[in-house]
Amino acid sequence: MSSLRWLFFLSAIALGAAAGVYYGWVVSPVEYVDTTPATLREDYRADYCLMTAELYAAERAPQAAARRLASLGGSPVQRVAEALLFARQYHYAPADIALLEDLSLGLQAWQPL
């Protein structure tokens, strides 16, 4: 009789876990809407910094670049430094790394008003 109780107990736990996973993944999954760029994964933050660096290369406006990077939270200089580390670690193209380095130098030389 004791083993029958254990079997029923473990079956109930497994069925409850399976029902919870099904509900969470299929019936009502979490949908993120209108989140800020600060919630991006590290690889997407690096890509965001790279896109900002491409714009900086065309505009040469450090204030606009700093404003764009401010949406990632923290210091724009720090965010670009993190993006550079990520880019080097994951072997981004040398041209992309050069763009990020140029943006980093431009932001470090820029003095906000």
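Above: the structure in question.
First things first, this report covers the structure right here in the doc. On a predicted model such as this, the values are computed, not experimentally measured, just so you know. (Residues numbered from 1 in each chain as written. Predicted model: local features only at pLDDT ≥ 70, side-chain atom pairs only at ≥ 80, totals over all residues. Heavy atoms only, no water.)

**Here's the deal with the overall build of the chain**
Alright, step 1. Of regular secondary structure, the chain possesses five helices and zero strands.
Alright, step 2. Counting helices and strands in the order they occur from the N terminus, the chain gives α-α-α-α-α.
Alright, step 3. In terms of C-alpha radius of gyration, the chain reaches 24 Å, well past the compact-globule figure of 13 Å for 113 residues.
Alright, step 4. Counting only C-alpha atoms, the chain reaches 80 × 30 × 20 Å along its principal axes.
Alright, step 5. Relative to its 113 residues, the chain shows a buried fraction of 23%.
Alright, step 6. Counting only contacts in the chain whose residues sit at least 6 apart along the sequence, the fraction spanning at least 24 positions is 61%.
Alright, step 7. Carbon and sulfur atoms form 64% of the exposed surface of the chain, whose accessible area is close to 8,100 Å². (Helix = DSSP H or I, 4+ residues; strand = E, 2+ residues; numbered from the N terminus. Rg over C-alpha atoms; globule rule 2.2 N^0.38 Å. Buried < 20%, exposed > 50% of the residue type's maximum accessible area, 1.4 Å probe, protein only. Contact = heavy atoms within 4.5 Å. Areas by Shrake-Rupley, 256 points an atom, 1.4 Å probe, with all protein chains shown as cover.)

**Here's the deal with helix H3 (residues 62-70)**
Alright, step 1. Taken as a whole, H3 has its buried residues at Pro62, Ala64, Ala65, Ala66 and Leu69.
Alright, step 2. Contact partners of the buried residues in H3: helix H2 (42-59), helix H4 (76-89) and helix H5 (94-109).

**Quick look at the packing of H4 against H5**
Geometrically, a packed helix pair is captured by the angle between its two axes and the distance between the axes.
Alright, step 1. Relative to each other, H4 and H5 sit at 160°, their axes nearing to 10 Å. Taken together, H4 and H5 sit at an angle that is classed as roughly antiparallel. Where H4 crosses over H5, the two elements pack in a sense that is left-handed. Contacts between H4 and H5 involve Pro76, Val77, Val80, Ala83, Leu84, Ala87 and Arg88 from the former and Ile97, Leu100, Glu101, Leu103, Ser104, Leu107 and Gln108 from the latter.
Alright, step 2. For the contact of H4 with H5, a count of residues per class yields ten nonpolar, two polar and two charged. (Axes fitted to C-alpha atoms, helices over the stretch in contact; angles between N-to-C directions. Parallel < 35°, antiparallel > 145°, perpendicular 65-115°, else oblique. Left-handed = near helix turned anticlockwise from the far one by under 90°. Nonpolar A, V, L, I, M, F, W, Y, C, P; charged D, E, K, R; others polar.)

**Description of the pattern of salt bridges**
Alright, step 1. Counting across every chain of the model gives five salt bridges.
Alright, step 2. Of the charged contacts in the structure, one is a salt bridge between aspartate 102 and arginine 60, with a shortest N-O distance of 2.5 Å. Linking aspartate 102 in helix H5 with arginine 60 in the loop between H2 and H3, this pair joins segments that are 42 residues apart in sequence.
Alright, step 3. Note on arginine 60: relative accessible area 45%, which makes it partly exposed.
Alright, step 4. Residue arginine 88 is joined to glutamate 101 by a salt bridge in which the shortest nitrogen-to-oxygen separation is 2.4 Å. Residue arginine 88 is located in helix H4, and its partner glutamate 101 is located in helix H5; the two are separated by 13 residues in the primary sequence.
Alright, step 5. You can call glutamate 101 partly exposed: its relative accessible area is 31%. (Salt bridge = Lys/Arg side-chain N within 4 Å of Asp/Glu carboxyl O.)

**Overview of the packing of aromatic side chains**
Alright, step 1. For the structure on display, the rule yields three aromatic pairs.
Alright, step 2. Ring geometry for phenylalanine 86 and tyrosine 90: centres 4.5 Å apart, planes at 35°, overall tilted.
Alright, step 3. Classification of phenylalanine 86 as buried rests on a relative accessible area of 8%.
Alright, step 4. Residue tyrosine 90 is classed as partly exposed on the basis of its relative accessible area, which comes to 49%.
Alright, step 5. Geometrically, the ring pair formed by phenylalanine 86 and tyrosine 92 is edge-to-face, given 6.1 Å between the ring centres and 85° between the ring planes. (Phe/Tyr/Trp six-rings, centres within 6.5 Å; stacked < 30°, edge-to-face > 60°.)

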